[in-house]
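Okay, here's what each chain looks like letter by letter:
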Amino acid sequence: MAAASRALTLPTVVEELLSEMAAAVRDGARIPDEHLLSLKFVFGSSAVQALDLVDRQSITLISSPSGRRVYQVLGSSGKTYTCLASCHYCSCPAFAFSVLWKSDSLLCKHLLAVYLSQVTSTCQQLSVSDKQLTDILLTEKTHEA
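Position numbers for residues start from 1 in each chain and track the written sequence from start to end. Reporting of local features is limited, given that this is a predicted model, to residues whose pLDDT is at least 70; pairs of side-chain atoms are given and counted only at 80 or more, and all residues count toward the totals for whole chains, interfaces and linings. Excluded from the side-chain calculations are hydrogens and water; all other atoms, namely the structure's heavy atoms, are used.

The protein is annotated in an unreviewed UniProt entry as Zinc finger SWIM domain-containing protein 7 isoform X1 from Camelus ferus.

Trainee: Teacher, can you tell me more about the packing of aromatic side chains here?
Mentor: Describing an aromatic ring pair means giving the distance of the ring centres and the angle of the ring planes. Here the aromatic set is Phe, Tyr and Trp, taking the six-membered ring for Trp, and pairing holds for ring centres within 6.5 Å; pairs whose planes are under 30 degrees apart are stacked, those over 60 apart are edge-to-face, and all others are tilted. In the structure shown here, the tally under the stated rule is two aromatic pairs. Ring geometry for tyrosine 89 versus phenylalanine 95: centroids 5.7 Å apart, planes at 80°, classification edge-to-face. You can call phenylalanine 95 buried: its relative accessible area is 2%. With a centroid separation of 5.2 Å and 35° between ring planes, the pair formed by phenylalanine 97 and tryptophan 101 is classed as tilted. You can see phenylalanine 97 and its partner tryptophan 101 sitting in helix H5 (residues 93-101), four residues apart, about one turn around the helix. Think of it in three bands: with a 1.4 Å probe and only protein chains considered, a residue is buried below 20% of the maximum accessible area for its type, exposed above 50%, and partly exposed in between. Classification of tryptophan 101 by relative accessible area gives exposed; the value is 64%. A helix here means a DSSP run of H or I that spans at least four residues, while a strand means a run of E at least two residues long, and both kinds are numbered starting from the N terminus.

Trainee: For this particular structure, what's the right way to read the pattern of salt bridges?
Mentor: In a structure, side chains of opposite charge can pair up when their charged atoms sit close to one another. Salt bridges are defined as contacts in which a side-chain nitrogen from Lys or Arg sits within 4 Å of a carboxyl oxygen from Asp or Glu. Scanning the model with the defined rule gives four salt bridges in all. The partner of arginine 30 in a salt bridge is aspartate 33, and the shortest N-O contact between them spans 3.2 Å. Note on arginine 30: relative accessible area 60%, which makes it exposed. Note on aspartate 33: relative accessible area 44%, which makes it partly exposed. For aspartate 135, the salt bridge goes to lysine 131, with nearest N and O atoms at 3.1 Å.

Trainee: I tried to follow the sheet that holds strand E2 (residues 69-74) on my own but got confused; where do I start?
Mentor: Sheet strands associate in pairs through backbone hydrogen bonding, adopting either a parallel or an antiparallel arrangement. Between any two strands, pairing holds if DSSP finds at least two bridges. The sheet built from five strands is open, its strands ordered E4-E3-E2-E1-E5 with mixed pairing. On the outer flanks of this sheet lie strand E4 (89-90) and strand E5 (124-127), each paired with one strand and no other. Judged from the five bridges that link them, strand E1 (residues 59-63) and E2 form a sheet pairing that is antiparallel. Residue pairing in the sheet places threonine 60 in a bridge with glutamine 72 of E2.

Trainee: Would you explain the packing of helix H2 (residues 12-26) against helix H3 (residues 33-43) in this entry?
Mentor: For any two helices packed against each other, the geometry comes down to the angle between their axes and how far apart the axes lie. Under this scheme, a helix contributes an axis fitted over its contacting stretch, all axes are lines through C-alpha atoms, and angles between N-to-C directions fall in the 0 to 180 degree range. Viewed as axis vectors pointing N to C, H2 and H3 meet at an angle of 155°, and their least axial separation amounts to 10 Å. Considering their axes alone, H2 and H3 lie roughly antiparallel with respect to each other. Here H2 and H3 pass one another in a crossing that is left-handed. Two secondary-structure elements touch here, H2 through Val14, Leu17, Glu20 and Met21 and H3 through His35, Leu36, Ser38, Leu39, Val42 and Phe43. We call Asp, Glu, Lys and Arg charged. Ala, Val, Leu, Ile, Met, Phe, Trp, Tyr, Cys and Pro are nonpolar, and the rest, Gly among them, are polar. A per-class count over the contact of H2 with H3 returns seven nonpolar, two polar and one charged. Angles below 35 degrees are treated as roughly parallel, those above 145 as roughly antiparallel, those between 65 and 115 as roughly perpendicular, and all remaining angles as oblique. Handedness of each helix crossing follows the sense of rotation of the near helix against the far helix: counterclockwise by less than a right angle gives left-handed, clockwise gives right-handed. Contacts: residue pairs with any heavy atoms within 4.5 Å of one another.

Trainee: Is there a simple way to explain a nonpolar patch on the surface in this structure?
Mentor: The patches described consist of residues with a relative accessible area above 30% and no salt bridge, like charges being joined within 9 Å and nonpolar side chains (Val, Leu, Ile, Met, Phe, Trp, Tyr) within 5 Å. All accessibility values rest on the Shrake-Rupley procedure with a 1.4 Å probe; residue burial counts only the protein chains present in the view. Residues Phe41, Val42 and Leu106 make up a contiguous nonpolar surface patch of roughly 310 Å² in combined accessible area. Here phenylalanine 41 is to be found in helix H3. On the basis of relative accessible area, phenylalanine 41 is assigned to the exposed category, the value being 76%.

As structure tokens, then:
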């Protein structure tokens, strides 16, 4: 499920790395050091920052009865960012600048943290009504404006 959505947007090497990490976690092992080193090689300092967000349990999956799913990530600055893993999007300025505008990064640390929390099954879960989810997204949009 999550792996299929990542495959649509991430390079094969990243998809394989996340899949191998997920397999290690499923087998009850911790993530091997070589996978963590590969993560740091591909994502640079964002990898360490994303792992810190996962360790601090800063990622919440918000889902509604209609099947809509968004992630909210409490960033290191204390601001909450909305991530849409299905279309590879984060509301943070780093995503807009480094990923979209400059194209010098594959992901921001928040979106990488979302993928890592999926791998480690550590994201918090919150079920809301469709109206509540719409309100959450509209509130996010108003704060961006």
